[in-house]
Amino acid sequence: MIGLQAPFFSLKDYLKGKYGKRVQKITVALPFTCPNIDGTKARGGCTYCFAGTRPAHLEPHVPLRTQIEEGIRRAKNRYGKNILFFIYYQSYSNTYGDYEFLKRAYDTALEFDEVVGIDVGTRPDCAPEWVLDLLESYADRGLEVWVEYGLQSANFSTLRFINRAHGVSDFVDAVLRTKRRNLKVCAHVILGLPHEDEEDMLETAKLISALPVDGVKIHPLHVIKGTKMAEQYLKGEFRVLSLEEYARRAADFIEVLPEHVVIHRLTGEVEEDRLIAPDYCTYARKHDVIKAIVDELISRRSRQGSKKLLNR
């Protein structure tokens, strides 16, 4: 399962192995919100979050079908016509709505023959049974369905500090209930959160490894202008990881993950004019970050799963 070009099981390798051709994600934005923004659980949102992590080029007011058509057009111009697609519902909590709104949003993916799956980003406290049943109905109709849950850290003190407004138990519960269905689970984690040490980050990796998680997204903490975390960083309340430090922590994390867990991403990017720190979290330096992690694993003569839990 681990690719020939890297000592970890990448999403690219997983999709190419399953579909036999390139599969491209199309990220879309819809007018969702979150329960820790609208006051249901908290106000202000996560301290690191700006506009629900929506890429600057996406606008929720643009019709969803138009966003998908434009994404397909761009991808085919770049990679050729012989490709397939996933629709990635990314910004904010994409299960946090009423039934009719969610069904219309997900149904749109069915209108395109080249779309083979959907990828729904959300929070572990936004996964009631009826939402999971709705998502499974798309798997029953032939789509591959991933549900992406933001965990960020297995340390409850960290979750409280960054205003996640949910606990680790919410994540465990959501994963277990989701995996009772024909759905795949991806966990989001952030390395280098304020006041966390190496043991905290490894504990997050161990928690994910102990659960039936199919994939993981790992990225370094990066500070974006206009966020609560930006205020804290500029006051000197915490520091961010250097590229070398992040590569070591990411390698430590990967070593613990079982070989079958698909690594969807290894870094995070934002537009340079929105980024405060660290300087490597930009689109231009994405490959520098991945190379640093690969080089770290190679230098250790290590790979994904080399330090997995003994009972896995």
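Refer to the structure above for everything that follows.
Keep in mind that what you see is a predicted model, and the values were worked out from it rather than measured.

**Q** Quick question: what am I supposed to make of the environment of Val 145 here?
**A** The topology assignment puts Val 145 in strand β4 (residues 144–152). The class for Val 145 is buried, based on a relative accessible area of 3%. Put simply, Val 145 and Val 185 are 40 residues apart on the chain and 8.7 Å apart in space, counted from C-alpha to C-alpha. Once residues within four sequence positions are removed from consideration, Val 145 is found in contact with Ile 118, Leu 135, Tyr 138, Ala 139, Leu 183 and Lys 184.

**Q** Whenever I open this one, the sheet that holds strand β5 (residues 184–191) confuses me. Can you help?
**A** Strand order in the open sheet made by the 7 strands is β1-β2-β3-β4-β5-β6-β8, with parallel pairing throughout. Of all strands in the sheet, those with a lone pairing partner are β1 (23–28) and β8 (262–265), marking the two edges. With strand direction ignored, the average angle separating the axes of adjacent strands in the sheet is 25°. Taken together, the 6 bridges between strand β3 (residues 115–122) and β4 define a ladder with parallel strand orientation. Residue pairing across strands places Ile 118 opposite Val 145, the latter belonging to β4.

**Q** Sorry if this is basic, but what is going on with the packing of aromatic side chains here?
**A** Think of a pair of aromatic rings as described by two things: how far the centres are apart, and how the planes are tilted against each other in angle. The full count for this structure, using the stated rule, is 8 aromatic pairs. With centroids separated by 6.3 Å and ring planes inclined at 80°, the aromatic side chains of Phe 9 and Tyr 14 adopt a geometry described as edge-to-face. Assessed through its relative accessible area of 13%, Tyr 14 is described here as buried. Here the aromatic rings of Tyr 246 and Tyr 280 are separated by 6.4 Å at their centres, their planes lie at 25°, and the arrangement is stacked. Linking Tyr 246 in helix α9 (residues 243–256) with Tyr 280 in the loop between β9 (275–277) and α10 (286–300), this pair joins segments that are 34 residues apart in sequence. Accessibility classification places Tyr 246 together with Tyr 280 in one group, the buried group. Taken together, the ring pairs connect Phe 9, Tyr 14 and Trp 146 into an aromatic cluster. The side chain of Arg 22 reaches across the aromatic face of Tyr 79, ending 3.6 Å from its centre. Positioned over the ring face of Tyr 88 is Lys 25, at 4.9 Å from the centre of the ring.

**Q** I tried to follow the packing of helix α3 (residues 99–107) against helix α4 (residues 129–140) on my own but got confused; where do I start?
**A** A pair of packed helices is characterised by two quantities: the angle between their axes and the separation of those axes. For the pair α3 and α4, the least separation of the axes is 11 Å and the interaxial angle reads 25°. Between α3 and α4, the crossing angle belongs to the class labelled roughly parallel. Between α3 and α4 the crossing geometry is right-handed. For the pair α3 and α4, the contacting residues are Tyr 99, Leu 102, Lys 103, Tyr 106 and Asp 107 in the first and Trp 130, Val 131, Leu 134, Leu 135 and Tyr 138 in the second. Each residue belonging to the contact of α3 with α4 can be placed in one class, and the counts come to 8 nonpolar, no polar and 2 charged.

**Q** I keep staring at the pattern of salt bridges and nothing clicks. Help me out?
**A** A side chain with one charge may pair with a side chain of the opposite charge, provided their charged atoms come close. Scanning the entire structure with this criterion turns up 30 salt bridges. A salt bridge links Asp 119 to Lys 25; the nearest nitrogen and oxygen atoms lie 2.3 Å apart. Residue Asp 119 is located in strand β3, and its partner Lys 25 is located in strand β1; the two are separated by 94 residues in the primary sequence. Look at Asp 119 and you get buried, because its relative accessible area is 0%. Relative accessible area serves as the criterion here: at 24%, Lys 25 is assigned to the partly exposed category. Ionic pairing is found between Asp 295 and Lys 291, a salt bridge with its closest N-O pair at 2.7 Å. Note that Asp 295 and Lys 291 are positioned in helix α10 at a spacing of 4 residues, about one turn of the helix.

**Q** Looking at this structure, I do not really get the pairing of β4. What am I missing?
**A** Two faces, one strand: in a regular strand the side chains alternate between the faces of the sheet. Taking burial as the measure, the 9 residues of β4 include 9 buried ones, the bulk of the element. You can see the chain leave β3, run along α4 and come back into β4, and the turn it takes is right-handed. Direction of pairing for β4 relative to β5: parallel, over a ladder of 6 bridges. Following the sheet pairing, Gly 150 is matched in β5 by His 188.

**Q** Before we go on, may I ask you to explain unusual backbone geometry in this structure?
**A** Among all residues except glycine, the phi angle is most often negative; among peptide bonds, the trans geometry is most common. The amide bond that connects Ala 277 to the next residue, Pro 278, takes the cis arrangement and shows omega of -10°. Structurally, Pro 278 can be placed in the loop between β9 and α10. At Asn 163, a residue that is not glycine, the phi angle is positive and equals roughly 65°. By the element assignment, Asn 163 lies in the loop between α5 (156–161) and α6 (168–178). Judged by relative accessible area, Asn 163 falls into the partly exposed class, the value being 21%. A positive phi angle is found at Ala 165, which is not glycine, with a value near 65°. With respect to the helices and strands, Ala 165 occurs in the loop between α5 and α6. Ala 165 gets classed as partly exposed once you look at its relative accessible area, which sits at 25%.

What counts and how
Residues numbered from 1 in each chain as written. Predicted model: local features only at pLDDT ≥ 70, side-chain atom pairs only at ≥ 80, totals over all residues. Heavy atoms only, no water. Helix = DSSP H or I, 4+ residues; strand = E, 2+ residues; numbered from the N terminus. Buried < 20%, exposed > 50% of the residue type's maximum accessible area, 1.4 Å probe, protein only. Contact = heavy atoms within 4.5 Å. Pairing = 2+ DSSP bridges. Axes fitted to C-alpha atoms, helices over the stretch in contact; angles between N-to-C directions. Phe/Tyr/Trp six-rings, centres within 6.5 Å; stacked < 30°, edge-to-face > 60°. Lys NZ or Arg CZ within 6 Å of the ring centre and 35° of its normal. Parallel < 35°, antiparallel > 145°, perpendicular 65-115°, else oblique. Left-handed = near helix turned anticlockwise from the far one by under 90°. Nonpolar A, V, L, I, M, F, W, Y, C, P; charged D, E, K, R; others polar. Salt bridge = Lys/Arg side-chain N within 4 Å of Asp/Glu carboxyl O. Right-handed = clockwise from strand over helix to strand, strands pointing away.

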